[in-house]
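# An overview of the molecular structure
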Amino acid sequence: GADEYRAYLLRLWRVENEGEGWRARLENVDTGEAQGFASLEKLIEFLHNLEGRADQPGKGTGEQSNAV
């Protein structure tokens, strides 16, 4: 099915002035939908959440949002 393959364009850039490190932007190549991330941790969290999304609708959508 369509969910078995996804292509993303990942952009990474450093933000020096805020001491925050990396920013990321992930764009779905097929839909053009893009999402920004304030840190690499947020990006990884989003990717992990993709795992359970197909077989468990509604799960994995920010349950770990308070984790540091």
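Residues numbered from 1 in each chain as written. Predicted model: local features only at pLDDT ≥ 70, side-chain atom pairs only at ≥ 80, totals over all residues. Heavy atoms only, no water.

### Observations regarding the pattern of salt bridges
Inspection of every chain in the model, using the stated rule, returns two salt bridges. Here Glu-27 makes a salt bridge to Arg-11, at a shortest N to O gap of 3.3 Å. Residue Glu-27 is located in strand E2 (residues 21-28), and its partner Arg-11 is located in strand E1 (residues 8-15); the two are separated by 16 residues in the primary sequence. Owing to a relative accessible area of 23%, Glu-27 belongs among the partly exposed residues under this scheme. With a shortest N-O distance of 3.5 Å, Glu-16 and Arg-14 are connected by a salt bridge. Residue classification places Glu-16 among the exposed residues on the basis of a relative accessible area of 61%. (Salt bridge = Lys/Arg side-chain N within 4 Å of Asp/Glu carboxyl O. Helix = DSSP H or I, 4+ residues; strand = E, 2+ residues; numbered from the N terminus. Buried < 20%, exposed > 50% of the residue type's maximum accessible area, 1.4 Å probe, protein only.)

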